[in-house]
Structure formats: structure tokens, C-alpha cells
Amino acid sequence: DTGVSQDPRHKITKRGQNVTFRCDPISEHNRLYWYRQTLGQGPEFLTYFQNEAQLEKSRLLSDRFSAERPKGSFSTLEIQRTEQGDSAMYLCASSLLGFRNNEQFFGPGTRLTVL
Amino acid sequence: GIQVEQSPPDLILQEGANSTLRCNFSDSVNNLQWFHQNPWGQLINLFYIPSGTKQNGRLSATTVATERYSLLYISSSQTTDSGVYFCAVNSGGSNYKLTFGKGTLLTVNP
């Protein structure tokens, strides 16, 4: 059984460029979450999907951010017109609805650096 | 929303020592998880423990839900235990998102 995977692991980009990250959840998990973690802080919730439906978005998710999960399997997170403040670790997690109150399992993260 | 406070923020130990990390939360919880973040940034699940006590090897955890705190015990610490330990909870109608504390940075010296 493979865990949550994310790609790429590291991304360096210039301010103003667009970036896209991918997350593959644990295969039978129907919920998928995105979090962002900045230096010295705990992860903060961004958004989540139940199957292909995006059910909640945090106020942290500005208009430049968009997330999709088109077939209820993998998900992508796109950031348009990146800013230096977007530099952070982007973490994906998945869970099985109803199992142990949606216990979440995390991927290795994508570390974004905006120059 | 629910508040999560972890203490201490930093902890330095010699190899072989024992430690206790604390997590206080401001409301009743549906889910409480402890994680270890390794040097590469991955969050490793340690315990799912909304109440009660669990043990896994040198690690154990206790959550007293009525008093709104959880404790993580590390015994006979090893250098590989170093890293950041996070407590995360969800509560009430927000059964989808985890709210994290700021973590405890543990350094175990040889």
C-alpha cells in the first residue's frame, strides 16, 4: 500500500510565474486536503475535496490559487502570478470519510521557493 | 475556531532521556493526531488519539478529553527522535480540517 505522493518535491520559480503541484492520495481515500506550512509554523488548511467536489476553501486561498480533483483521484494545486510570500511547503493529505473521524495521512510535501 | 497550544516550544535532551510534550486545546474534539515532522518535512503519523491512552514502542500518548489536553511521552530518546512534533485536532462541524499547534522542536544530542 503506497502512501500519499506529491510531485515535484522542490520547485524554484521567479516571481510572476505560474506553478502547478500534483498530489496522489492513498488509493481508497475519498477525501483529499491541501495545507500550507511556513517556516516555524504548523500547517494551515487551504482546501479539501470529497471525491471530485471541492467542499471548503480557506480565506488563505486567494484568487491566484486554484485546486482541482477532476476524477476524484489525484489533485492539482495551481498558483498563478507567484509572489515571494507564496514561498512555503505545500502539503497534501488524504483520508477515508468516516474512518476514525477522518484521520489524515500526509505526503512528503512540495517546497516552493519564489525568487 | 479551535485553538491549539503546544509546550514546550523547544526541548533539548541527551540520548537516553525521557520527555513529555503537551498539547492544550480550547474546545471538544472529534479527532486528535500527533505527528513527527522529519528533517525533510514529511509529517509522520504517530497516534490517532481523541481520548484514552495508546503506546507504540518507546512512544505513548494520553488524551484527557474532558480537560482538553493531550500528552506525548518519549522514553529512552534517540538522536533519530529529533525533529518537530505537532498536535492537530478537528472539532465540531469542522470535521474536515485539522488545526495544528506550532509544534515542539526536539533535539536529542548523542
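Since the model is a prediction, treat every value here as computed from it, not as a measurement. (Residues numbered from 1 in each chain as written. Chains lettered and ligands numbered in written order. Predicted model: local features only at pLDDT ≥ 70, side-chain atom pairs only at ≥ 80, totals over all residues. Heavy atoms only, no water.)

Q: I tried to follow the sheet that holds strand β8 (residues 69-74) of chain B on my own but got confused; where do I start?
A: Strands pair in a sheet through their backbones, by hydrogen bonds, and they do so in one of two ways: parallel or antiparallel. Residue and element names in this part refer to chain B. Strand order in the open sheet formed by five strands is β1-β3-β8-β7-β6, and the pairing between neighbours is antiparallel. Either end of the sheet is taken by a strand with one partner, and the two such strands are β1 (4-7) and β6 (52-56). Strand-to-strand, the axes of this sheet are offset by a mean angle of 15 degrees, without reference to chain direction. Pairing of strand β7 (residues 59-64) with β8, which is carried by six bridges, proceeds in the antiparallel orientation. Residue pairing across strands places Leu 59 opposite Ile 74, the latter belonging to β8. (Pairing = 2+ DSSP bridges. Helix = DSSP H or I, 4+ residues; strand = E, 2+ residues; numbered from the N terminus. Axes fitted to C-alpha atoms, helices over the stretch in contact; angles between N-to-C directions.)

Q: What exactly am I supposed to notice about the interface of chain B and chain A here?
A: One frequently used descriptor of interface size is the decrease in accessible area upon assembly of the parts. The partner chain A presents 24 residues to the 21 residues of chain B that form the contact. Interface of chain B and chain A: buried area, both sides summed, is about 1800 Å²; carbon and sulfur atoms make up 49% of it. Counting across the chain B and chain A interface gives zero salt bridges. On inspection of chain B and its partner chain A, the count reaches ten residue pairs in polar contact (both at pLDDT 80 or more). Among the elements that line the side of chain B that touches chain A, the one with the most residues is strand β10 (residues 94-100) of chain B, at five residues. (Contact = heavy atoms within 4.5 Å. Buried area = accessible area lost by both parts, 1.4 Å probe. Salt bridge = Lys/Arg side-chain N within 4 Å of Asp/Glu carboxyl O. Polar contact = N/O pair within 3.5 Å; in protein donor to acceptor, adjacent residues only side chain to side chain.)

Q: Is there a simple way to think about the environment of Phe74(A) in this case?
A: Residues and elements named next belong to chain A. Locating Phe 74 in the fold gives a position in the loop between β7 (65-68) and β8 (75-79). According to the relative accessible area criterion, Phe 74 is partly exposed, its value standing at 24%. Between the C-alpha atoms of Phe 74 and Gln 41, which are 33 residues apart in sequence, the distance is 27 Å. Every residue in contact with Phe 74, bar those within four places of it in the chain, is listed here: Arg 22, Cys 23, Asp 24, Pro 25, Glu 68 and Arg 69. (Buried < 20%, exposed > 50% of the residue type's maximum accessible area, 1.4 Å probe, protein only.)

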